Amino acid sequence: MPMNRFFTYLDRISFMNINIWDFTYHSFFREYARFFLFKVMLSHPFRTSKGLTKYRRLMKEHKDILPKFTKFLSIPDEKSFFESIKKQRISPLVGLGFCLKPYNPEKPSSSCPSGRANHDCLYLDKGQTEAICYSCAIYRLGEKCLETGCKVYIMTSAKEIARDFLIPQINSEKFPSAILLLCPYSIQAIIPPLLICNIDMFLMAYNSGYCRDFQEWVSADRGIKEEITSLGKASWKKLLDLLSKLDGSEPQYKRFRREGNIFSCIT
Ligand code: SF4
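Starting from 1, residues in each chain are numbered consecutively following that chain's sequence as written. In keeping with the model being predicted, local features are shown solely for residues with a pLDDT of at least 70 and side-chain atom pairs are shown and tallied solely at 80 or more, while totals for entire chains, interfaces and linings include all residues.

(A) Structural detail: the environment of E106. One can find E106 in the loop between β2 (93-97) and α7 (122-126). Placed 99 residues apart in sequence, E106 and A205 show a C-alpha to C-alpha distance of 28 Å. Secondary structure follows DSSP: runs of H or I at least 4 residues long count as helices, runs of E at least 2 residues long count as strands, and numbering of each begins at the N terminus.

Shown next, in the form of C-alpha cells:
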C-alpha cells in the first residue's frame, strides 16, 4: 500500500527525528491511541511536549539506537538508571508480557492455570503453584522480584498498560522506573509514552515467539497470540544481574499483594 510505504520511508530516514511514523499511522483510529491521547497527552500538554522533545533529542543524538539495538536498551544509561532508583527509593516495576505464559491449547496441563491473555497468575495472586509453573518465566521472575521488592505487572493490551501503569505514573508518580520485557517491534513504540510519563526504562527484547509487525502486534493486543515468547540466554543473565543489583537493601518480602493489576511485595 502506498501510504504504508510512505510512512515506512519516514521511519527509515527518521523524519523529524521520529521513528514511529508507521506505528502512529496504523494506530491513528484505534481505541488505545485515543485513550492515550485524551488521558495523557491532552491532559498533560506540558509533560507531553517535554517528553517528545526528549524523545526527538534522543533519536537525533543516537540515530543508530534502534537499528543497532537487539537485546536491551537503557534510557537513561544503565548507571544513571540505577542512581535514580536509589535516589527515588522506589524499586522499578517489572513488566512481563502475558505471552510469556506457558500455553498449549491441546493440553491444559501444559498451559498456565490462570488463563492466557490476562493479568492473572496463581503464584503472584495466591502464592500457589501447579507443576507447569516451575517452567514458567513469570514464576522465575516473580520469585526474584520478591527478593528485591520489585512490583510485578503482567502486561496485556496497550490500553490497559496506559490505564494501569502510565496514567498512575503521570498523575501520581507511582512508577518512576520500569524494567519491561517486550517484542523488539513494540520497543520503538513504547519509548515516547514512557518519556512523556517521565519513566526511566530498561527495555529487554524477546528472543523468540515475538510479534514481528503491526498486524501480529495488534492481534496480540486483542489477546490473540499463540506463540510463547522467551528471552535469550544473555538477556536472562542480564535481567537477573539487574535485579540482583537491587537486592539486599529492602526487608524480607514474603508474598505479593494485588492492587488492581499490579502485584506489590509485602512482608
Ligand atoms: S507462574 Fe503464574 S503465569 Fe506462570 S504458569 Fe503459573 S500461574 Fe501461570
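(B) View of the nonpolar core. Put simply, a nonpolar core is a cluster of buried Ala, Val, Leu, Ile, Met, Phe, Trp, Tyr and Cys residues tied together by C-beta atoms within 7 Å. Labels follow a simple rule on C-beta atoms placed from the backbone: if 20 or more others lie within 10 Å of a residue's own, it is buried; if 12 or fewer, it is exposed; otherwise it is partly exposed. V94, L96, I138, V152 and M201 are the most contacted members of the largest nonpolar core, which totals 72 residues. What counts as a contact is two residues whose backbone-derived C-beta atoms lie within 7 Å of each other. Those residues in contact with L96 that lie beyond four places of it in its chain are I138, L141, V152, I154, M155 and L181.

(C) Molecular detail of unusual backbone geometry. The step from I75 to P76 runs through a cis peptide bond, and the omega angle for that step is 0°. With respect to the helices and strands, P76 occurs in the loop between β1 (72-75) and α6 (78-88). Positive phi outside glycine occurs at N17, with the angle close to 60°. Note on placement: N17 falls in the loop between α1 (2-12) and α2 (21-27). Judged by the 13 C-beta atoms lying within 10 Å of it, N17 is partly exposed. Within the chain, N198 stands out as a residue other than glycine whose phi angle is a positive 60°. On the secondary structure map, N198 appears in the loop between α10 (184-196) and β5 (200-205).

(D) The site of the ligand, seen in detail. Any residue whose backbone-placed C-beta atom lies within 6 Å of a molecule or strand is treated as near that molecule or strand. Near the ligand there are 13 residues, and of these C112, C121, C133, C136 and Y139 occur at the shortest range. Taken together, the elements giving at least two residues each to the shell around the ligand come down to α7 and α8 (137-148). Under this grouping Gly is polar, as are all residues other than the nonpolar Ala, Val, Leu, Ile, Met, Phe, Trp, Tyr, Cys and Pro and the charged Asp, Glu, Lys and Arg. Split into classes, the residues belonging to the shell around the ligand amount to 11 nonpolar, 1 polar and 1 charged.

(E) Geometry of α10. The sharpest bend along α10 measures roughly 35° and falls at I190, with the proline P192 sitting one to four residues further on. What α10 keeps buried is the set S186, A189, I190, I191, P192, P193, L194, L195 and I196. Positive backbone phi, at 60°, marks N198, one or two positions downstream of α10. Bend at a given residue is defined as the angle between two axes, one fitted to the seven residues that end at that position and one fitted to the seven that begin there.

(F) Examining the packing of helix α4 (residues 45-61) against α10 more closely. Here an angle of 0 to 180 degrees is reported between the N-to-C directions of two axes, which are lines fitted to C-alpha atoms, with helices fitted over the stretch in contact. At their nearest, the axes of α4 and α10 sit 7 Å apart, and the two run at 135° to each other. One way to sum up the angle between α4 and α10 is to call them oblique. Crossing handedness for the pair α4 and α10: right-handed. Along the contact surface, α4 presents R47, T48, G51, L52, K54 and Y55, while α10 presents I191, P192, L195 and I196. For the contact of α4 with α10, the per-class residue count stands at 6 nonpolar, 2 polar and 2 charged. Each angle is binned into one of four classes, with values under 35 degrees roughly parallel, values over 145 roughly antiparallel, values of 65 to 115 roughly perpendicular, and all other values oblique. Rotating anticlockwise by less than a right angle from the far helix to the near helix defines a left-handed crossing, while the corresponding clockwise rotation defines a right-handed one.

(G) Representation of the sheet that holds strand β6 (residues 255-259) within the structure. One bridge is not enough; two strands pair if DSSP finds at least two bridges between them. With respect to topology, 7 strands assemble into an open sheet ordered β1-β5-β4-β2-β3-β7-β6, the strand pairing being mixed. Looking along the sheet, the strands with just one partner apiece sit at the ends: β1 and β6. Strand-to-strand twist of the sheet, defined as the mean angle between neighbouring strand axes without regard to direction, takes the value 20°. Where α10 meets the sheet, its contacts fall on β1, β4 (177-182) and β5, and the angle it forms with β5 comes to roughly 175°.

(H) Just the pairing of β2, in detail. Counting buried positions along β2 gives 5 out of 5 residues, so the element sits mostly inside the fold. Of the two faces of β2, both are covered, the one formed by L93, G95 and G97 as well as the one formed by V94 and L96. As judged from the 5 bridges shared by β2 and strand β3 (residues 151-155), these two strands associate in the parallel manner. For G95, the partnering residue across the bridge sits in β3 and is Y153. Taken together, the 3 bridges between β2 and β4 define a ladder with parallel strand orientation. Pairing of V94 across the sheet is with I179, part of β4.

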